[in-house]
Amino acid sequence: MGGTRGGFLVSVIARCQELAQLIAEADPPPLTIMEVCGTHSHEIARYGLAQLLPDQVRLISGPGCPVCVTADADLDAIVQIAQQGAIIATFGDMVRVPGPRGSLADARAAGADVRVLYSPMQSLEVARQNPDREVVLLGIGFETTAPSIAVTISDAAGEDLKSFSVHCAHKLIPPAMAALVVDPECRIDAFLCPGHVSTIIGTQAYDFLAEDYGIACAVAGFGPSDIMEAIYAIVGQIKGATSYVHNAYTRAVQVLGNTVAQAQMAAVFEVADAEWRGLGTIPASGLRIGDEYTVFDARNRYELEPPIERDPGPCICGDVLQGKALPTDCPAFGSACTPQSPIGPCMVSSEGSCAAVFKYQRQQG
Amino acid sequence: MNTGKNSETINLGHGSGGAMMQELIAQELLPALPGQSPQALEDAATISIAADRLAFTTDSFTVQPLVFPGGDIGTLAVHGTINDLAMRGATPRFLSLGLIIEEGLALALLRQIIKSIGAAAREADVNIVTGDTKVVGHGSADGIFINTAGIGECGAHVPSVTAAQPGDKALVSGTLGDHGIAVMVAREALEISADLRSDTAALHTLVAAMLEASGEAVHTLRDLTRGGLAAALNEIAASSGVGVLAEATAIPMRPEVGSACEILGLSPYAVANEGKLLAMVDAAAADEVLQAMQSHPLGRDACVIGEVISESPGMVQLQTPIGTRRVLELPAGELLPRIC
């Protein structure tokens, strides 16, 4: 097979098994590790990595799926804007998220114009091709996506594309991690820090968690052996009764991060309080469009009905996002709430922890 | 009177039932299609068939873009219905062709699609014996919709989605995901510099070779269209009341398809194919069937990807490259790329 099995380097497979052995031999105390990033949740489930870990090492999913933490108020606004006739330009996984007035998919079925993008820049092309229509790009995501949305906004300004605007609901990861660890109910011993986000913000962004709160941290890449390396580093910190930010993704992540991308964000956005589904409003945890680009802020362009308050019903997405409950603890999981007909966003996005558990681990649930 | 005769696009007049429609059918459709005879304009075709058991199926086709690397909606419409017949072990004989054309479709594009339909039918040795053409207003269809129904002659053995048995080997006829990724890359104009082509093909001669090699050992056949391998395995597991264990490292996939799936955040197991099949074959005959597949041009990359088990009936499990197991779910719905 020439060094690969099913597209995987044999060395990667061997390293996973070796790390599983090393972690087991380290015999750590009971330990709860939260993976903050939705892509990590997805990959952990996809490769069944929990099966390689001793029983006392527990992995829980955090608030790192951008779709899952988008607040009802934003979902409601987006659907209203679509219903008012603007072209909504969005990444695909927002389309099926059910908001108080239904999802974008529902709005599309009723005649709204919803375009799925692969790059935010495509939204400018949509705007150029439809000069008589309003185009609203959804700014959803963390530090990973925010720079590309920032560049899109500054390009729109350069072209003076007046029909273009952004509904900005970007969020920042470290303030959410801080909110989780100060919660008295928090039982998190360690963070598996996100990979993509860390390429932008650097390992320094998590130093305060290790130094001020004593939380072991390791930044991980996305391959199965990358994740296992980071878990092994966390186990080492716990065994040594120490905490710092270990970088297990050195091929992409630096201490200071990507300063160019940070500057692009700072040029367009300002840090603001943000509402997270399940976590409530967290101070200084989001981005809003700064004064210089305020004409591109969709929040200033549309007269919207006040958001509809809704009863979450049996859905416990909020607790799941905070690591206080497992998806399988939810009475709706797998019965009333499935990927085909999701109640909460954690079941919609491929990165959502409920979807990951449903898709890959149903029998263990 | 402006009949639109000289216009190079389809308009509502072409679906009027009058002279324009007759001209369209006589000049553009009939000459391009195999199996035409003086009865082509009758209200119904009459056919003569020897077999005492027939297979009968219908399928409707919509795709964007209408033309993509490796084929177009016309090739799909012929291959798709032939393949549905072939999965019951039937020899395809007759097709119907229903066209719903959106006003404004370029005549040149229609000609190209009809030409593809004719070529695909001729190559597969099936006749298109009856048809219908409608034109709908702008905005009422996505360029063109095509429906084909097909009749085939069954052989002595009729594979069934309910007939998989514990111990059967699961065989696929080649690399997975080529069609879905090629169409998505073409549709979204993604700048992925790889030679991605649809695998669209008529599979009935491959099936004939498999059945000749093994007779009744081929318990189940399924073409891997929408929902891909994941949907087909789950449908078989549910319909046959068995479990399936597939091995990720055994599933053949072109590296560029795997990479595109990673970039787009899609599961390669849920991506559509239009020229691949899955077979559940009695283990004792699996080698012979595999050899027969590999000797056929459409089965060169065929391989065993797993087996049918009695445990966990209705469930499909995937052995991952690192030796763990996970559930391979029935895909939920529309394939949507994710944010990160």
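Please read these numbers as outputs of a predicted model, since none were measured by experiment.

1. Examining the overall build of chain A
Stage number 1. Along its length, chain A carries 13 helices and 13 strands.
Stage number 2. For 365 residues, the compact-globule formula gives about 21 Å, and the C-alpha radius of gyration of chain A, at 21 Å, lands near that figure.
Stage number 3. With 365 residues in all, chain A has 59% of them scored as buried.
Stage number 4. Considering only residue pairs separated by 6 or more positions, chain A has 76% of its internal contacts joining residues 24 or more positions apart.
Stage number 5. Here chain A displays about 14,000 Å² of accessible surface, and carbon together with sulfur accounts for 51% of that area.

2. Considerations on the interface of chain A and chain B
Stage number 1. Of the residues lining the interface, 39 residues belong to chain A; the matching set on chain B comes to 28 residues.
Stage number 2. One can count 5 residue pairs in polar contact (both at pLDDT 80 or more) joining chain A with chain B.
Stage number 3. Counting residues per element, the side of chain A that touches chain B draws most heavily on helix 2 (residues 38-46) of chain A, which supplies 4 residues.

3. A word on the pairing of strand 3 (residues 31-35) of chain A
Residue and element names in this part refer to chain A.
Stage number 1. Summarising burial for strand 3: 5 of the 5 residues are buried, a large majority.
Stage number 2. Going residue by residue along strand 3, you find Leu31, Ile33 and Glu35 tucked away on one face and Thr32 and Met34 tucked away on the opposite face as well.
Stage number 3. Across 5 bridges, the pairing between strand 3 and strand 4 (residues 57-61) is parallel. Within strand 4, the position partnered with Glu35 by the bridge is Ser61.
Stage number 4. Crossover handedness for the path strand 3 to helix 2 to strand 4: right-handed.
Stage number 5. Here 3 bridges tie strand 3 to strand 9 (residues 190-193), and the two strands are oriented parallel to one another.

4. Concerning the packing of helix 1 (residues 19-29) of chain B against helix 3 (residues 107-124) of chain B
Residue and element names in this part refer to chain B.
Stage number 1. As a packed pair, helix 1 and helix 3 sit with axes 11 Å apart at the nearest point and diverge in direction by 55°. Accordingly, the angle class assigned to the pair helix 1 and helix 3 is oblique. Contacts between helix 1 and helix 3 involve Leu24, Glu28 and Leu29 from the first element and Leu107, Leu110, Arg111 and Ile114 from the second.
Stage number 2. Residue composition of the contact of helix 1 with helix 3, grouped by class: 5 nonpolar, no polar and 2 charged.

5. Observations concerning the domain arrangement of chain B
Residues and elements named next belong to chain B.
Stage number 1. Under the domain assignment used here, chain B contains domain 1 (12-38 + 52-153) and domain 2 (169-327).
Stage number 2. Computed from C-alpha atoms alone, the centre-to-centre distance between domain 1 and domain 2 is 27 Å.
Stage number 3. Listed per partner, the contact involves 19 residues of domain 1 and 20 residues of domain 2.
Stage number 4. Together domain 1 and domain 2 conceal approximately 1,600 Å² of surface at their shared face, both sides included; 66% is due to carbon and sulfur atoms.
Stage number 5. Summed over the shared surface of domain 1 and domain 2, the number is 0 salt bridges.
Stage number 6. Counting every contact that joins domain 1 to domain 2 gives 7 residue pairs in polar contact (both at pLDDT 80 or more).
Stage number 7. Ranked by residue count, the leading element in the side of domain 1 that touches domain 2 is helix 2 (residues 73-86), at 8 residues.
Stage number 8. Looking at the side of domain 1 that touches domain 2, its residues break down into 10 nonpolar, 8 polar and 1 charged.

6. Points about the domain arrangement of chain A
Frequently, the measure chosen for interface size is the accessible area removed from exposure when the parts meet.
Residue and element names in this part refer to chain A.
Stage number 1. Taken as a whole, chain A is organised into domain 1 (27-314) and domain 2 (317-364).
Stage number 2. Centre-to-centre, using C-alpha coordinates, domain 1 lies 18 Å away from domain 2.
Stage number 3. Taken together, the contact between domain 1 and domain 2 spans 31 residues of the former and 27 residues of the latter.
Stage number 4. Counting the surface domain 1 buries against domain 2, the share from its top three residues, His42, Arg96 and Pro314, is 22%.
Stage number 5. In this assembly, domain 1 and domain 2 are joined by 2 salt bridges.

7. Side note on the sheet that holds strand 4 (residues 91-102) of chain B
Paired through their backbone hydrogen bonds, the strands of a sheet run either parallel or antiparallel.
Residue and element names in this part refer to chain B.
Stage number 1. In space, the 4 strands of this open sheet follow the order 1-6-4-5, with mixed pairing throughout. Looking along the sheet, the strands with just one partner apiece sit at the ends: strand 1 (54-61) and strand 5 (127-136). Neighbour-to-neighbour, the strand axes of this sheet turn through a mean angle of 10°, independent of strand direction.
Stage number 2. Note: strand 4 against strand 6 (residues 144-153), 10 bridges, orientation antiparallel. Paired with Ile100 across the two strands is Phe145, which belongs to strand 6.
Stage number 3. Strands strand 4, strand 5 and strand 6 of the sheet are contacted by helix 3, whose axis makes an angle of about 10° with strand 6.

8. Quick notes on helix 6 (residues 146-159) of chain A
All names here are of chain A.
Stage number 1. Under the 1.5 Å per step criterion, the end-to-end length of helix 6 is 20 Å for 14 residues, consistent within 8% with the ideal 20 Å.
Stage number 2. Those residues of helix 6 not exposed but buried are Ala146, Pro147, Ile149, Ala150, Thr152, Ile153 and Ala156.
Stage number 3. Count one or two residues on from helix 6 and you reach Asp160, which has phi positive near 60°.

Cut-offs applied
- Residues numbered from 1 in each chain as written.
- Chains lettered and ligands numbered in written order.
- Predicted model: local features only at pLDDT ≥ 70, side-chain atom pairs only at ≥ 80, totals over all residues.
- Heavy atoms only, no water.
- Helix = DSSP H or I, 4+ residues; strand = E, 2+ residues; numbered from the N terminus.
- Rg over C-alpha atoms; globule rule 2.2 N^0.38 Å.
- Buried < 20%, exposed > 50% of the residue type's maximum accessible area, 1.4 Å probe, protein only.
- Contact = heavy atoms within 4.5 Å.
- Areas by Shrake-Rupley, 256 points an atom, 1.4 Å probe, with all protein chains shown as cover.
- Polar contact = N/O pair within 3.5 Å; in protein donor to acceptor, adjacent residues only side chain to side chain.
- Pairing = 2+ DSSP bridges.
- Right-handed = clockwise from strand over helix to strand, strands pointing away.
- Axes fitted to C-alpha atoms, helices over the stretch in contact; angles between N-to-C directions.
- Parallel < 35°, antiparallel > 145°, perpendicular 65-115°, else oblique.
- Nonpolar A, V, L, I, M, F, W, Y, C, P; charged D, E, K, R; others polar.
- Domains from an automatic or database assignment.
- Buried area = accessible area lost by both parts, 1.4 Å probe.
- Salt bridge = Lys/Arg side-chain N within 4 Å of Asp/Glu carboxyl O.
- Expected span 1.5 Å × (residues − 1).

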